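The lines below spell out each chain.
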Amino acid sequence: TEARAFAPASVGNIGVGFDLLGHSIDGPRDVATVRRIDAPEVRIAAIRGEVEGVAGIPLEAARNTAGQALMALRAALDLPFGLELELDKGIPLGSGLGGSAASCVAALVAANALLDTPLSREALYAFALDGEAVASGSRHGDNVAPMLLGGVVLATASRMVALEAPDWLHAVVVHPDQMLETRRARAVLAEPYPLSQVVAHSACLALFLTGLQRGDAALIGEGLKDLLVEPRRAPLIPGFAQVKRAAMDHGALGASISGAGPSVFAWFASKAAAEAAAVSMRTAFAEAGFGSRAYVSPV
Ligand code: HSE
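Residues numbered from 1 in each chain as written. Predicted model: local features only at pLDDT ≥ 70, side-chain atom pairs only at ≥ 80, totals over all residues. Heavy atoms only, no water.

A. The pattern of salt bridges, seen in detail. What the rule picks out here adds up to 15 salt bridges. With its nearest N and O atoms 3.4 Å apart, the salt bridge here joins Arg36 to Asp116. Of the two residues, Arg36 is situated in strand β2 (residues 21-37) and Asp116 in the loop between α2 (99-113) and α3 (121-136); the sequence distance between them amounts to 80 residues. Residue Lys244 is joined to Glu230 by a salt bridge in which the shortest nitrogen-to-oxygen separation is 2.8 Å. (Salt bridge = Lys/Arg side-chain N within 4 Å of Asp/Glu carboxyl O. Helix = DSSP H or I, 4+ residues; strand = E, 2+ residues; numbered from the N terminus.)

B. Inspection of the pairing of strand β1 (residues 2-12) at higher detail. In terms of residue burial, β1 counts as a mostly covered element, since eight of its eleven residues are buried. Pairing of β1 with β2, which is carried by ten bridges, proceeds in the antiparallel orientation. Bridge assignment links Glu2 to a residue of β2, and that residue is Arg35. (Buried < 20%, exposed > 50% of the residue type's maximum accessible area, 1.4 Å probe, protein only. Pairing = 2+ DSSP bridges.)

C. Expanded view of the site of the ligand. Around the ligand sit Asn13, Phe18, Asp19, His140, Asp142, Asn143, Arg186, Arg233, Gly259 and Ala260, and that is every residue in its neighbourhood. Side-chain polar atom of His140 to an oxygen atom of the ligand: 2.8 Å apart, as the coordinates give it. For the ligand, an oxygen atom lies 2.7 Å from a polar atom in the side chain of Arg186. Its residues assigned to classes, the shell around the ligand shows two nonpolar, four polar and four charged. (Near = heavy atom within 4 Å. Polar contact = N/O pair within 3.5 Å; in protein donor to acceptor, adjacent residues only side chain to side chain. Nonpolar A, V, L, I, M, F, W, Y, C, P; charged D, E, K, R; others polar.)

D. Summary view of the side chain of Glu132. Examined against the element boundaries, Glu132 turns out to sit in helix α3. Of the buried charged residues, Glu132 lacks a salt bridge, with Arg186 as the closest side chain of opposite charge at 7.9 Å. Those residues in contact with Glu132, other than ones at most four positions away along the chain, are Ser100, Ala101, Cys104, Gly137, Ser138, His140, Asn143 and Val144. (Lys, Arg positive; Asp, Glu negative; His and termini not counted. Contact = heavy atoms within 4.5 Å.)

E. Structural view of the layout of surface pockets. What the largest pocket holds in volume is close to 670 Å³. Residue assignment for the lining of the largest pocket shows that the elements contributing at least two residues are α2, α3 and α5 (182-187). Tallied by class, the residues present in the lining of the largest pocket amount to twelve nonpolar, 17 polar and nine charged. (1 Å grid on protein atoms, 1.4 Å probe; cavity = no way out; pocket = protein on both sides within 12 Å on 5 of 7 lines; lining within 4 Å. Points joined across faces, edges and corners; volume = space filled by probe spheres on them.)

Quick look at the structure:
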């Protein structure tokens, strides 16, 4: 009557796929422990962790991403029992690493293991979107989907599609000691975009997806550009331009903001290149006045 599950951090958007693409990383993770209880409700018993933002996470289930996801699951399946949840946060909030999404996915995967007939990962997706919406005000799956499936995932409103990726691809993700709220980072995107810019960006997305499927580093690099969101969000992240330049100077295929920021990610064609770049990317954040952590992970 008790189950535990973890969810990894992720890089939402992958630069070119706003709200649509993401990949999981070997790095920090959130752990959820869920128990069946007699009371017909979802209850959050504890939220622990040394990372930033933990004290501010609501314990009230309806206002908590993981709590909301479990409430949606309970209601949809008409479960005769309640669920009690404990969260161990390893992913900082407001980091651009999918911290709120990970709690929600870990809680769902743990709760699913307690069901008499567990659901598929695909079937959990809708409930994860319900949870994500509590944190960010929008139902986007670019973080929850790669956490549910692993690897690079295309996440639409209704489904997840796992994408092929060549095994030499490596990501660096650098998380600076800054916090950026997803809601604030989304507010700067409210103004409309000219159609020509949308078309140019669509070309990048098409090149990127084709490059991934073919395992073609040149095509991936040509496509891994964010012409829409990055220009508007970069001013919210002190040091961003310098950190991106450091990655590109080390031969990155592309670099951009991880999720809603302030973390910055870059993709490389080898692990060695990624490891060398990680050092310079951290130095660039340090020169802008910020300590940081770097994660190097296969994509
Ligand atoms: N796709 C989201 C955004 C990040 O860029 O706002 C994931 O929550």
